[in-house]
2 protein chains.
Amino acid sequence: MNVQTVPMLSRRGIICALIALSAPLWTAIARAQSDALPAWNEGPTKQAIIDFVGRVTREHQPDFVPPEQRIAVFDNDGTLWCEQPLYFQAAFAFARVKAMAAQHPEWKQREPFKSFLANDKQAFAAQGEKGLLTLIGAAHSGMTTDAFARSVSDWFAEAKHPRFNRPYNALVYQPMLEVLGYLRANGFKTFIVSGGGVEFMRVWAEKSYGIPPEQVIGSSGVTQFKMGDDGKPVLMKLAKVEFIDDGPGKPSGINRFIGHRPIFAFGNSDGDLQMLQWTTAGMGARFAGLLHHTDAAREYAYDRNSSIGKLDKAMTEATAKQWTVVDMKRDWKVIFPFEK
Amino acid sequence: MNVQTVPMLSRRGIICALIALSAPLWTAIARAQSDALPAWNEGPTKQAIIDFVGRVTREHQPDFVPPEQRIAVFDNDGTLWCEQPLYFQAAFAFARVKAMAAQHPEWKQREPFKSFLANDKQAFAAQGEKGLLTLIGAAHSGMTTDAFARSVSDWFAEAKHPRFNRPYNALVYQPMLEVLGYLRANGFKTFIVSGGGVEFMRVWAEKSYGIPPEQVIGSSGVTQFKMGDDGKPVLMKLAKVEFIDDGPGKPSGINRFIGHRPIFAFGNSDGDLQMLQWTTAGMGARFAGLLHHTDAAREYAYDRNSSIGKLDKAMTEATAKQWTVVDMKRDWKVIFPFEK
């Protein structure tokens, strides 16, 4: 129906017509708003996101949520950007350790650095998880917070993803960028709640996702305040884990950093299960989303048996509780912004 | 000068006149904005706040700071509200331990509870700081985060300050509420960075200060995610300190929670010194404010020798570095909102 076709109606008539038309109008408004998600194929997944946002933003409706409580949380690795073939922060750490090796001649004799630097994969693998964490720790400590931020920026400017041959921060998901923007346009405050390092993500999260540093929650190491020789204070990054923002740590992180319960949460792996449980256990309308990587041709396909981004228990619970599961292959028109 | 007196000027003439008049115009604009601080007496302290806000908000001027970097941090105890004769959170903890005693018959035989509950001040004092911390810990652990928040609300509804005979949250400082509002009206994001417990403050900070939970940073205990018998998860507060947001901990807390350096900081004690150093060490215009309690008649007078809110080293540094020191007696027209 076009307004041009009803020029004879009085103002009162138009209002009556609008009331009569209200149901189709809502559909039309929802459809217009759905243009905020052009990278999503039409279907129940896209519709579930739009329906939820409609429910919590319509004033005087039972599910209305005031803007200050519209908190949305997103996992990062595998939810907002790619996490294969290796968490990108691990790739960063490996590159950093190689770059730092010249300043650490002692590493040539000390494991796990020795086998890593010699590219002896078997000997490095024999160090197990502890060896991996020691390497990652070395890349993330013994420097000021400012120097660390510079090392992250430098890496993003140089490093390329082995399969897509693009800078790592080009591998964010276009459909999820649209969800972030759509939520913010509807009065939501969007947060990252990731197992990744908070200082690693903050360097690029604002530019990539429009999420400012104070809305990025992640794992962290202890920092120590020190007065520099020039009388200017610095924060030194120590090789001591402070907080692991993964699994049951995510609700704790949400409680500590945000201080109220989200109404919308999106993840992709078992590390997000407790965040989704915590979000959906609140009163009123709640949205829980899980991204299922099903597209080996355009990205990757993995779930229950993957060592990275394992999606097993959370998938079972999503099915039981009818959470919204995104089938990447079916639901996404494009994966990365550069495909557009 | 009144525009009515220059009706003959061309548009170009008016523009030229405006440019010529720009200095008095800025003063007039600053004066108009200063009405946002009516509880402050005119003088250099009030002017320093207004001048700083003017400098960082005028576009195309050398000290301009874009809104997303206008981060302002405030200590809470003794800066935004009263902290005498005892930190209010300690008063809460004492009341809680008394209320919880019926559920803990074993406390009658166990120190420091035994002497505290028997009101044996000498024996309790003999337990030292450890006894005090044990008491505070007991009031802040062994319950869910939701139950704790309720206990804080209940206390504020019942408890009264011993001198002012008003609910503790009535004892916020009117001039500081005005500074918070004035900064927000000028595009600042305002944060609390306090040694107090983050979950204690969040219960009332939004209503009292207009600061939402996610902008409250404080000390915290470890929380543990647990699935309840009803299938709903809870966060249990454990008797384990996670982070002390005081002294050198404040820059670490700012780094972890906010992730960029503030341009404006306000405190009142030596526990705020490192936060002020960290804030002022950044590039560009910076504001460091210290509230000096000088008014025993209307509030309290204390500084270098006080066990609560000791202001010694920070006062010396403020003098050396020409930070803005508020003299409560001289600079504040009213102290509390109820005086208006």
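Before any of the text, the structure's been laid out above.
Draft legend 1. Molecular detail of the overall build of chain A. Counting its regular elements, chain A contains 14 helices and 9 strands. Taking the principal axes of the C-alpha coordinates as reference, chain A spans close to 90 × 50 × 35 Å. Counting all 340 residues of chain A, 50% fall into the buried class. Here the analysis covers contacts within chain A between residues at least 6 apart in sequence; of these, 65% occur between residues at least 24 apart. Of the roughly 16,000 Å² that chain A leaves accessible, carbon and sulfur atoms contribute 54%. Taking the 39 positively charged and 35 negatively charged side chains of chain A as two groups, their mean positions are separated by 2 Å.

Draft legend 2. Spatial organisation of the side chain of T145 of chain A. By the secondary structure assignment, T145 of chain A is in helix 8 (residues 145-158). Every residue in contact with T145 of chain A, bar those within four places of it in the chain, is listed here: E199, T223, L235 and K237 of chain A together with N255 and W278 of chain B.

Draft legend 3. Looking closely at the relation of the copies chain A and chain B. For these two chains of identical sequence, chain A goes onto chain B by a turn of 180° and a shift of 0.0 Å along the axis, with RMSD 0.0 Å. Within this description, the copies of the chain are treated as partners about a two-fold rotation axis. Measuring from the rotation axis to each C-alpha of chain A, the shortest distance belongs to F257 of chain A, at 3.3 Å.

Draft legend 4. Spatial organisation of helix 7 (residues 128-139) of chain B. Residue and element names in this part refer to chain B. Counted at 1.5 Å a residue, the expected span for helix 7 with its 12 residues is 16 Å, and the 18 Å between its end C-alpha atoms agrees. Among all positions in helix 7, only G131, L135, A138 and A139 are buried. Along the axis of helix 7, the buried positions cluster into a sector of 105°, meaning they face one direction only. Along helix 7, the residues that are exposed and aim more than 90 degrees away from the buried face are E129 and K130. Here the buried face of helix 7 lies against helix 4 (88-100), helix 5 (113-117), helix 6 (121-126), strand 2 (143-144) and helix 8 (145-158).

Draft legend 5. Quick peek at the packing of aromatic side chains. Tallied over the full model, the rule gives 65 aromatic pairs over all chains. Residues F336 of chain B and F338 of chain B carry aromatic rings whose centres are separated by 5.3 Å and whose planes lie at 20° to one another, so their mutual orientation is stacked. Given a relative accessible area of 0%, F336 of chain B falls into the buried group. Each member of the aromatic cluster is reached from another via a ring pair, and the members are W81, F88, F92, F148, W155, F156, Y168, F200, W204 and Y209 of chain A. It is K237 of chain B that lies over the ring of F148 of chain B; its NZ or CZ is 4.5 Å from the centre. In this structure, R261 of chain B packs its charged tip against the face of W278 of chain B, placed 3.8 Å from the ring centre.

Draft legend 6. Region of the structure containing the interface of chain A and chain B. The interface is formed by 36 residues belonging to chain A together with 36 residues belonging to chain B. Summed over both sides, the interface between chain A and chain B buries roughly 3,000 Å², with carbon and sulfur atoms accounting for 52% of that surface. The three residues of chain A that bury the most area against chain B are E214, F225 and R256 of chain A, which together make up 22% of that side's buried surface. Here chain A is connected to chain B by 5 salt bridges. A salt bridge links E242 of chain B to R256 of chain A, with the nearest nitrogen and oxygen atoms 2.4 Å apart. Linking chain A with chain B are 20 residue pairs in polar contact (both at pLDDT 80 or more). Mapped onto the side of chain A that touches chain B, the elements with two or more residues apiece are helix 8, strand 3 (189-197), helix 10 (198-209), strand 4 (216-227), strand 5 (233-243), helix 11 (249-257) and helix 12 (273-280) of chain A. Here the residues of the side of chain A that touches chain B are counted per class, giving 14 nonpolar, 11 polar and 11 charged.

Draft legend 7. Examining the pairing of strand 3 (residues 189-197) of chain B more closely. Residues and elements named next belong to chain B. By the criterion of burial, strand 3 is predominantly enclosed, with 7 of the 9 residues buried. Direction of pairing for strand 1 (residues 71-74) relative to strand 3: parallel, over a ladder of 4 bridges. Within the sheet, the bridge partner assigned to V73 lies in strand 3 and is F191. As defined by bridge partners, strand 3 adjoins strand 4 (residues 216-227) across 3 bridges and the pair is classed as parallel. Each bridged residue has a counterpart across the sheet, and for I192 the counterpart in strand 4 is V216.

Draft legend 8. A look at the side chain of N76 of chain A. Residues and elements named next belong to chain A. Inspection of the secondary structure puts N76 in the loop between strand 1 (71-74) and helix 4 (88-100). We classify N76 as buried; its relative accessible area is 1%. When residues no more than four places from it in sequence are discounted, the contact partners of N76 are W81, I192, S194, M201, W204 and Y209.

Draft legend 9. Expanded view of helix 9 (residues 174-185) of chain B. Its 12 residues give helix 9 of chain B an end-to-end C-alpha distance of 16 Å, which sits within 8% of 16 Å, the value for a rise of 1.5 Å per residue. Those residues of helix 9 of chain B that sit buried are Q174, P175, M176, E178, V179, L180, Y182 and L183 of chain B.

Draft legend 10. Geometry of the pattern of salt bridges. Residue and element names in this part refer to chain A. On inspection of all chains with the given rule, the structure shows 25 salt bridges over all chains. Here R110 ties to E106 by a salt bridge, and the two come within 3.9 Å at their closest N and O atoms. Connected through salt bridges with shared partners, the residues D75, K250 and D272 form a single ionic network.

Draft legend 11. Representation of unusual backbone geometry within the structure. Residue and element names in this part refer to chain A. Of note, the bond from Q84 into P85 is cis; its omega dihedral lies within 30 degrees of zero at 0°. The topology assignment puts P85 in the loop between strand 1 and helix 4. Positive phi is not limited to glycine here, since Q322 has a value of about 55°. Structurally, the position occupied by Q322 is in the loop between helix 13 (313-321) and strand 9 (324-327).

What counts and what doesn't
- Residues numbered from 1 in each chain as written.
- Chains lettered and ligands numbered in written order.
- Predicted model: local features only at pLDDT ≥ 70, side-chain atom pairs only at ≥ 80, totals over all residues.
- Heavy atoms only, no water.
- Helix = DSSP H or I, 4+ residues; strand = E, 2+ residues; numbered from the N terminus.
- Buried < 20%, exposed > 50% of the residue type's maximum accessible area, 1.4 Å probe, protein only.
- Contact = heavy atoms within 4.5 Å.
- Areas by Shrake-Rupley, 256 points an atom, 1.4 Å probe, with all protein chains shown as cover.
- Lys, Arg positive; Asp, Glu negative; His and termini not counted.
- Charge placed at Lys NZ, Arg CZ, Asp CG, Glu CD.
- Least-squares fit on C-alpha atoms with pLDDT ≥ 70 in both.
- Expected span 1.5 Å × (residues − 1).
- Arc of directions from axis to C-beta.
- Phe/Tyr/Trp six-rings, centres within 6.5 Å; stacked < 30°, edge-to-face > 60°.
- Lys NZ or Arg CZ within 6 Å of the ring centre and 35° of its normal.
- Buried area = accessible area lost by both parts, 1.4 Å probe.
- Salt bridge = Lys/Arg side-chain N within 4 Å of Asp/Glu carboxyl O.
- Polar contact = N/O pair within 3.5 Å; in protein donor to acceptor, adjacent residues only side chain to side chain.
- Nonpolar A, V, L, I, M, F, W, Y, C, P; charged D, E, K, R; others polar.
- Pairing = 2+ DSSP bridges.

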